[in-house]
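# Coordinate analysis (summary)
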Amino acid sequence: MIILPSVYFGSLEYWAALVQGGDEVVIDLGENYVKRSERNRTEIMTAGGVMQLSVQLRHANRPRQPMRSMKIDYSKRWQHQHLVAIESAYRSSPYYDYYGERFMRLFDQEWIYLTDLNMATLEEVCSILKIAKPRISTDYIVATENDIDLRDKHRPTTLVTEPYIQVFSDRLPFAPNLSIFDLIMCEGPEALAILKRAKRG
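Note on numbering: residues in each chain are counted from 1, in written sequence order. The predicted origin of the model limits local features to residues at a pLDDT of at least 70 and limits the giving and counting of side-chain atom pairs to 80 or more, whereas totals for whole chains, interfaces and linings rest on all residues. With hydrogens and water stripped out, all remaining heavy atoms of the structure feed into the side-chain values.

### Observations regarding the overall build of the chain
- The number of helices and strands found in the chain is six helices and eight strands.
- Its helices and strands taken in sequence order, the chain reads β-α-β-β-β-α-α-α-β-β-β-α-α-β from the N to the C terminus.
- We compute the radius of gyration over the C-alpha atoms and compare it with the globule rule, which gives 2.2 Å times the number of residues raised to the power 0.38. Radius of gyration (C-alpha) of the chain: 16 Å, near the 17 Å computed for a compact globule of 201 residues.
- Expressed as lengths along the three principal axes of its C-alpha atoms, the size of the chain is roughly 45 × 40 × 30 Å.
- Taken across its 201 residues, the chain has 50% of its residues classed as buried.
- Every residue pair with non-hydrogen atoms within 4.5 Å of one another is taken to be in contact. Within the chain, contacts between residues at least 6 apart in sequence are counted, and of these 70% link residues at least 24 apart.
- Accessible surface, the chain as shown: approximately 10300 Å² in total, 48% of it carbon and sulfur.
- Each charge sign in the chain was given a centre, from 25 positive and 26 negative side chains, and these centres are 5 Å apart. Comment: elements are numbered from the N terminus, with helices defined as DSSP H or I runs of at least four residues and strands as E runs of at least two. With a 1.4 Å probe rolled over the protein chains alone, any residue whose accessible area is under 20% of its type maximum counts as buried; one over 50% counts as exposed, and the rest are partly exposed. Here the accessible surface of atoms and residues is derived via Shrake-Rupley with a 1.4 Å probe, and residues count as covered only by protein chains that are part of the display. As used throughout, the charge tally considers Lys and Arg to be positive and Asp and Glu to be negative, leaving His and the chain termini uncounted. Lysine's charge is taken at NZ, arginine's at CZ, aspartate's at CG and glutamate's at CD.

### Section: the sheet that holds strand E2 (residues 25–28)
- Pairing between strands is defined by DSSP: at least two bridges between them are needed. A sheet is described by the order of its strands in space; here four strands give the open sequence E5-E2-E1-E6, paired in parallel fashion. Looking at strand neighbours, the two that pair on one side only are strand E5 (135–137) and strand E6 (148–149), the edges of this open sheet.
- Summarising the sheet, E2 and E5 pair through three bridges and their orientation is parallel. Bridging across to E5, Ile27 finds its partner in Ile136.

### Quick look at the nonpolar core
- Only buried residues count toward a nonpolar core, which is a set of Ala, Val, Leu, Ile, Met, Phe, Trp, Tyr and Cys residues joined through side-chain atoms within 4.5 Å. Leu4, Trp15, Ile72, Tyr90, Phe103, Ile180 and Ile184 are the most contacted members of the largest nonpolar core, which totals 63 residues.
- Examining the composition of this core, we find that nine residues originate from one element, helix H4 (residues 114–129), more than from any other.
- Ignoring sequence-local partners within four residues, the contact set of Leu4 consists of Tyr14, Ala17, Leu18, Val25, Val26, Ile27, Asp28, Leu150 and Arg151.

### As for the state of the cysteines
- The disulfide definition used here is simple: a pair of cysteine sulfur atoms within 2.5 Å. The full count for this structure, using the stated rule, is zero disulfides.
- Left unpaired, Cys126 is separated from the closest cysteine sulfur, that of Cys186, by 20 Å.
- Assessed through its relative accessible area of 3%, Cys126 is described here as buried.

### Digging into the side chain of Asp28
- As for its position among the elements, Asp28 is in strand E2.
- Residue classification places Asp28 among the buried residues on the basis of a relative accessible area of 0%.
- Polar contacts involving the side chain of Asp28 include one to the main-chain amide nitrogen of Glu31, which spans 3.4 Å.
- Apart from the residues lying within four places of it in its own chain, the contact partners of Asp28 are Ile3, Leu4, Pro5, Ser6, Ser137, Asp139, Tyr140, Ile141 and Arg151. Throughout this description, a polar contact denotes any pair of N or O atoms lying within 3.5 Å of each other; where both atoms belong to protein, one of them has to be capable of donating a hydrogen while the other can accept it, and for residues adjacent in sequence the pair is counted only when both atoms sit in side chains.

### Digging into helix H5 (residues 180–187)
- Most of H5 is tucked away: eight of the eight residues are buried.
- Taken residue by residue, H5 has Ile180, Phe181, Asp182, Leu183, Ile184, Met185, Cys186 and Glu187 as its buried positions.
- In the segment just after H5, Gly188 is the residue with positive phi, at about 55°.

### What to know about the packing of aromatic side chains
- Paired rings are identified among Phe, Tyr and Trp, the last through its six-membered ring, by centres lying within 6.5 Å, and are further divided according to the angle between planes into stacked (under 30 degrees), edge-to-face (over 60) and tilted (the rest). Applying the stated rule across the entire model yields 13 aromatic pairs.
- A centroid spacing of 5.6 Å and a plane angle of 65° characterise the contact between Phe9 and Phe103, whose relative ring orientation is edge-to-face. Highlighted residues: Phe9 in the loop between strand E1 (2–5) and helix H1 (12–21) and Phe103 in helix H3 (residues 96–104), separated in sequence by 94 residues. For the pair formed by Phe9 and Phe103, the shared burial category is buried.
- Taken together, the ring pairs in this structure connect Tyr8, Phe9, Tyr74, Trp78, Tyr90, Phe103, Phe107 and Phe181 into an aromatic cluster.

### Section: unusual backbone geometry
- The phi dihedral of Arg77 falls on the positive side, at around 55°, and the residue is not glycine.
- Note on placement: Arg77 falls in the loop between strand E4 (49–54) and helix H2 (78–90).
- You can call Arg77 exposed: its relative accessible area is 53%.
- Of note, the phi angle at Lys130 is positive, near 60°, even though the residue is not glycine.
- Secondary-structure assignment places Lys130 in the loop between H4 and E5.

Nothing here speaks to function; it is geometry throughout.
Written out as structure tokens, the structure reads:
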């Protein structure tokens, strides 16, 4: 079994594990929230380099909070910041006109819980990649020695995708393991094949 957390868009490593794992993948909604992780963060490539986008949360510093109880904080206009950053970074990408609006509409509503937003991004990416949505567990999953547990944010990256042409590749070096958003905007239909070819680093 491959155990994944609920994430905001998710990195290429995350999606490579999901794609390659097939029926063995399960997303754990029963875990506790982990600060400074993919659960509420994603990274994109901008003209100035890699930028981290974070969903603002209420009471994020409280210890041992169930992931499903994490509420989104809209007082800091993070949605507007994400929209501006994404549009500025990817409006000239090859596939922005094809997929950009599908992602942008996720910011049109105010999601109450982080997991609701994360599940919406999961469903949209699965739809674009034309793959089935993985199993979801609302109970905490206790990993065994035979499982691949990708919930620990401190573990090293295990799946590495091949380099592809990023938006600012004419002036910036390739940045690995960005948000799935980056791969889809740059490679479009080829994104799924690249994820399937990812290898353990």
